[in-house]
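For reference, the chains in residue letters:
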Amino acid sequence: MITEILKSSLHSIDKAVEILKSGDIAAVPTETVYGLAANAYDDEAIRRIFDVKGRPQDNPLILHIDNLEYLNVLAKNIPEIAFKLADKFWPGALTMVFEKNDNFSSSASAGLDTIAVRMPDNKTMLEIIKKCGFPLAAPSANISGSPSPTDAMHVYHDLNGKVPLIIDGGQCECGVESTVICFTGAGVKILRPGAVTAEQLAEYVQVSIDNAVLSPLDKDIKPLSPGQKYKHYSPKAKAVLVSGDYKAFNKYVENNSDEDTICIIFGNEAQKPVNKCLEYGISGTEQAHSIFKCLREVDQLGAKKVYIRCPEKRGVSLAVYNRLIRASEFVLIELS
Ligand code: TXA
Ligand code: MG
């Protein structure tokens, strides 16, 4: 199959709509990461997403909507607070998990009786959903397990020959995926931290953070979100997260590296521990924006090992930390 990459335009939007209406899949930009979209009502198209990504069958997909009227079609027993959060954060990087409406059946939910929904904040994506007239099921448009795509070329690298169309909407604004929450009696629980922060949510609702966000899942515990089970976001190189100050980091890396080692550092640090260093920024927003790009560059540079300066565990950095601790399979070197 030939994969066409078209810049976002009226023409490419119409082409995507035609493809999606015909039961095929297409890669589309969102403000978080690129998505691989299919008609949420078309089980055959959704099966293609799972096949193309190599995605585990039990890992459900997020449904993307362009207006609130879909909520009652897809979900039931929607808590009042959900409408308030939708009002504050949609369109945006917040995904809410609801009880699934009994009349709605879709293999996007991978057999669960819940359904995850978000309204993305990207004009191209919203226009495509509107013109399709159905919600779009869309996971990140990468091969399962690899770093999420924040640029059309990342999608092309992973899915060339496997999808008919990639719409190039430029670099994704946020660079990390949406925040996934579910509702508890008292408030909400963060199942995956993302571009909408715990601190922002806490202005409107009581927020707790699921244990699996920061720690490996206990083997006996069924995860609240199937995605928490899997190794994710990993470059081919072995990733090692290193916390501690700059001097300690440099010393550790100098003592534990060879010519195939590179580093991902913050960016305000003049002296570099090894020749090859990538910088992913100082603020949480910068780090979120660059982290997946850096992880992909590590492999392009042919590194065998990458030491990564550990981000903070608050604000958007919590999302970056969550991706990196998974990319490094929970290997964290803590230096004092
Ligand atoms: O920003 C995003 O969320 C991007 C863009 C494309 O919208 N999408 C994305 O999709 O990151 P994906 O499939 O890569 O990650 C979705 C996460 C997975 O960890 C999945 O397990 C979880 O959401 N999820 C989906 N449905 C769920 C449900 N019903 N209950 C709990 N977790 C769910
Ligand atoms: Mg993903």
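The structure this text deals with has already been given above.
Rules behind the numbers
- Residues numbered from 1 in each chain as written.
- Chains lettered and ligands numbered in written order.
- Predicted model: local features only at pLDDT ≥ 70, side-chain atom pairs only at ≥ 80, totals over all residues.
- Heavy atoms only, no water.
- Helix = DSSP H or I, 4+ residues; strand = E, 2+ residues; numbered from the N terminus.
- Rg over C-alpha atoms; globule rule 2.2 N^0.38 Å.
- Buried < 20%, exposed > 50% of the residue type's maximum accessible area, 1.4 Å probe, protein only.
- Contact = heavy atoms within 4.5 Å.
- Areas by Shrake-Rupley, 256 points an atom, 1.4 Å probe, with all protein chains shown as cover.
- Pairing = 2+ DSSP bridges.
- Axes fitted to C-alpha atoms, helices over the stretch in contact; angles between N-to-C directions.
- Salt bridge = Lys/Arg side-chain N within 4 Å of Asp/Glu carboxyl O.
- Arc of directions from axis to C-beta.
- Polar contact = N/O pair within 3.5 Å; in protein donor to acceptor, adjacent residues only side chain to side chain.
- Phe/Tyr/Trp six-rings, centres within 6.5 Å; stacked < 30°, edge-to-face > 60°.
- Lys NZ or Arg CZ within 6 Å of the ring centre and 35° of its normal.

J.: What is the right way to read the overall build of the protein chain from this model?
T.: Across its full length, the protein chain holds 10 helices and 17 strands. The C-alpha radius of gyration computed for the protein chain amounts to 20 Å, which stays within 12% of the reference 20 Å derived for 336 residues, consistent with globular compactness. Dimensions of the protein chain along its principal axes, counting C-alpha atoms only, are 60 × 50 × 35 Å. Counting the 336 residues in the protein chain, one finds 56% classified as buried. Partitioning the intrachain contacts of the protein chain with sequence separation of at least 6 by distance along the chain shows that 68% fall at a separation of at least 24. Surface accessibility of the protein chain: about 14,600 Å² in total, with carbon and sulfur atoms responsible for 49%.

J.: Can you help me understand the sheet that holds strand β16 (residues 305–309) in this one?
T.: Pairing between sheet strands relies on hydrogen bonds along the backbone, with the strands arranged either parallel or antiparallel. Within the open sheet, the five strands sit side by side as β15-β14-β16-β13-β17. Their pairing is parallel. Among the strands making up the open sheet, the edge pair consists of β15 (277–279) and β17 (332–334). The mean angle between the axes of side-by-side strands here comes to 25°, regardless of whether they run parallel or antiparallel. The pairing of strand β13 (residues 238–243) with β17 spans three bridges and is classified as parallel.

J.: Please explain unusual backbone geometry as it appears in this structure.
T.: The phi angle of most residues is negative, glycine excepted, and most peptide bonds adopt the trans form. A cis amide bond links Trp90 to the next residue, Pro91, at an omega of -5°. Along the chain, the position of Pro91 falls in the loop between α4 (80–89) and β6 (94–100). In this structure, Ala110 is a non-glycine residue whose phi angle is positive, near 50°. In this structure, Glu329 takes a positive phi of about 50° despite not being glycine.

J.: Sorry, what's going on with the pattern of salt bridges here?
T.: Going through the model one piece at a time under the given rule, you end up with 13 salt bridges. For Lys131, the salt bridge goes to Asp14, with nearest N and O atoms at 2.8 Å. Here Lys131, found in helix α5 (residues 123–132), pairs with Asp14, found in helix α1 (residues 10–21); they are 117 residues apart in sequence, far enough to count as distant. Close ionic contact of Asp210 with Lys189 constitutes a salt bridge, the shortest N to O distance being 3.7 Å. Highlighted residues: Asp210 in the loop between β12 (207–209) and β13 and Lys189 in strand β11 (residues 188–192), separated in sequence by 21 residues. Lys189 sits in the partly exposed class, given a relative accessible area of 22%. A network of salt bridges, in which partner residues are shared, links Glu44, Arg47 and Asp51.

J.: Whenever I open this one, helix α6 (residues 152–159) confuses me. Can you help?
T.: The periodicity of an α-helix, 3.6 residues per turn, causes residues three or four places apart in sequence to face the same way. The complete set of buried residues in α6 reads Ala152, His154, Val155, Asp158 and Leu159. What you see down the axis of α6 is that its buried residues fit within an arc of 155°, all on one side. Contacts made by the buried residues of α6 are with β2 (26–28), β3 (35–39), α2 (43–53), β9 (165–168) and α9 (284–300). Here α6 starts with a cap whose side-chain oxygen sits 2.8 Å from the backbone nitrogen of Met153, and that cap is Asp151.

J.: I would appreciate a short explanation of the packing of aromatic side chains in the present structure.
T.: Geometry of an aromatic ring pair is reported as the spacing of the ring centres plus the angle between the planes. Evaluated as defined, the whole model comprises six aromatic pairs. Geometrically, the ring pair formed by Phe266 and Tyr280 is tilted, given 5.9 Å between the ring centres and 35° between the ring planes. Of this pair, Phe266 sits in the loop between β14 (261–265) and β15 while Tyr280 sits in the loop between β15 and α9; the two residues are 14 residues apart in sequence, bridging distant segments of the chain. In terms of burial, Phe266 and Tyr280 fall into one category: buried. One residue, Arg309, lies across the ring of Phe249, its end atom 5.4 Å from the ring centre.

J.: What is the right way to look at α4 in this model?
T.: For α4, every residue scored as buried is listed here: Ala82, Leu85, Ala86 and Phe89. End-on view of α4: buried residues confined to an arc of 105°, all on one side of the axis. In α4, the exposed residues that point more than 90 degrees away from the buried face are Glu80 and Asp87. Here the buried face of α4 lies against β6, β10 (179–183), β11 and α7 (198–201).

J.: I would appreciate a short explanation of the pairing of β6 in the present structure.
T.: Every other side chain in a regular strand lies on the same face of the sheet, so the side chains alternate between the two faces. Among the seven residues that make up β6, six are buried, leaving the element largely enclosed by the rest of the structure. As paired elements, strand β5 (residues 75–76) and β6 share two bridges and run antiparallel to each other. Paired with Ala75 across the two strands is Lys100, which belongs to β6. Bridge analysis of β6 against β10 gives four bridges, and the strand direction is parallel. Paired with Met96 across the two strands is Ile181, which belongs to β10.

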